[in-house]
Amino acid sequence: MMRWFKHMTCSFNDEKLSAVVDELGMEGYGFWWRILEVVAEKMDENGEYSVSFSPKKWGNFFGFSAKEFENFARIFQKNRIFDVEFSENQVMVSIPNLLKYRDEWSRKKARNSGVAPEELRPSRAFKRSRYR
């Protein structure tokens with residue numbers, strides 16, 4: 001699971017995202033950040049950037065109906081912001097660019113084959129007993 005991702009301060013001025021905001025308003029901008037959170041939460045050390053849920057589940061993430069989610073997703077797909085594959089009872093969302101914005105911990109963990117990159121501090125109890 002990715003713990004956090006970088007948020008570029010110029011995101012709102014991105015040409016593709018601006019086109020979506022023109023069409024969907026600020027609700028489209030919020031949709032973008034929420035969908036990033038959903039996909040990032042499912043990312044693992046292998047860098048998987050696709051997530052598949054039922055249309056109803058996707059809608060629930062946004063407080064939308066399945067149809068409203070589909071409409072938003074198709075607009076984002078049309079503007080080439082992320083890829084969406086619709087099947088009869090599943091919708092897969094893929095955001096390859098999310099790999100560029102992974103937090104440092106996730107990036108290092110992936111590179112080190114599952115070994116946490118952070119050096120753990122000894123507990124206070126251990127530290128005290130060690131120096132007595």
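In what follows, the accompanying structure is described. In this text, all values refer to a predicted model and were calculated from it rather than measured experimentally. (Residues numbered from 1 in each chain as written. Predicted model: local features only at pLDDT ≥ 70, side-chain atom pairs only at ≥ 80, totals over all residues. Heavy atoms only, no water.)

1. A look at the environment of alanine 19
- Counting through the fold element by element, alanine 19 comes out in helix H1 (residues 15-24).
- Between the C-alpha atoms of alanine 19 and asparagine 79, which are 60 residues apart in sequence, the distance is 7.5 Å. (Helix = DSSP H or I, 4+ residues; strand = E, 2+ residues; numbered from the N terminus.)

2. Some words on the nonpolar core
- Trp32, Ile35, Trp58, Phe69 and Phe82 are the most contacted members of the largest nonpolar core, which totals 31 residues.
- Secondary structure elements with two or more residues in this core: H1, helix H2 (26-42), strand E1 (50-53), helix H3 (55-62), helix H4 (66-78) and strand E3 (91-94).
- Those residues in contact with phenylalanine 69 that sit more than four places away from it in its chain are Phe31, Ile35, Trp58, Gly59, Phe62, Phe64, Val91 and Val93. (Core = buried A, V, L, I, M, F, W, Y, C linked by side-chain atoms within 4.5 Å. Buried < 20%, exposed > 50% of the residue type's maximum accessible area, 1.4 Å probe, protein only. Contact = heavy atoms within 4.5 Å.)

3. Describing H2
- Taking 1.5 Å of rise per residue, 17 residues should cover 24 Å, and H2 covers 25 Å from first to last C-alpha, within 8% of that figure.
- When H2 is considered as a whole, its buried residues turn out to be Gly28, Tyr29, Phe31, Trp32, Trp33, Ile35, Leu36, Val38, Val39 and Ala40.
- Those residues of H2 hidden inside the fold are in contact with H1, E1, H3, H4 and E3. (Expected span 1.5 Å × (residues − 1).)

4. Structural notes on the packing of aromatic side chains
- Overall, the coordinates contain 17 aromatic pairs when judged by the stated rule.
- Judged by centre distance (5.2 Å) and plane angle (45°), the rings of phenylalanine 31 and phenylalanine 72 are tilted. Placement of phenylalanine 31 in helix H2 and of phenylalanine 72 in helix H4 is noted, with a sequence separation of 41 residues between them.
- By relative accessible area, which is 10% here, phenylalanine 72 ends up buried.
- With 6.4 Å between their ring centres and 5° between their planes, tryptophan 32 and phenylalanine 82 make a pair best called stacked. Of this pair, tryptophan 32 sits in helix H2 while phenylalanine 82 sits in the loop between H4 and strand E2 (83-86), and the two are 50 residues apart along the sequence. In this pair, the class of tryptophan 32 matches that of phenylalanine 82, namely buried.
- The side chain of arginine 74 reaches across the aromatic face of phenylalanine 86, ending 4.0 Å from its centre. (Phe/Tyr/Trp six-rings, centres within 6.5 Å; stacked < 30°, edge-to-face > 60°. Lys NZ or Arg CZ within 6 Å of the ring centre and 35° of its normal.)

The values are spatial; any link to function lies outside them.
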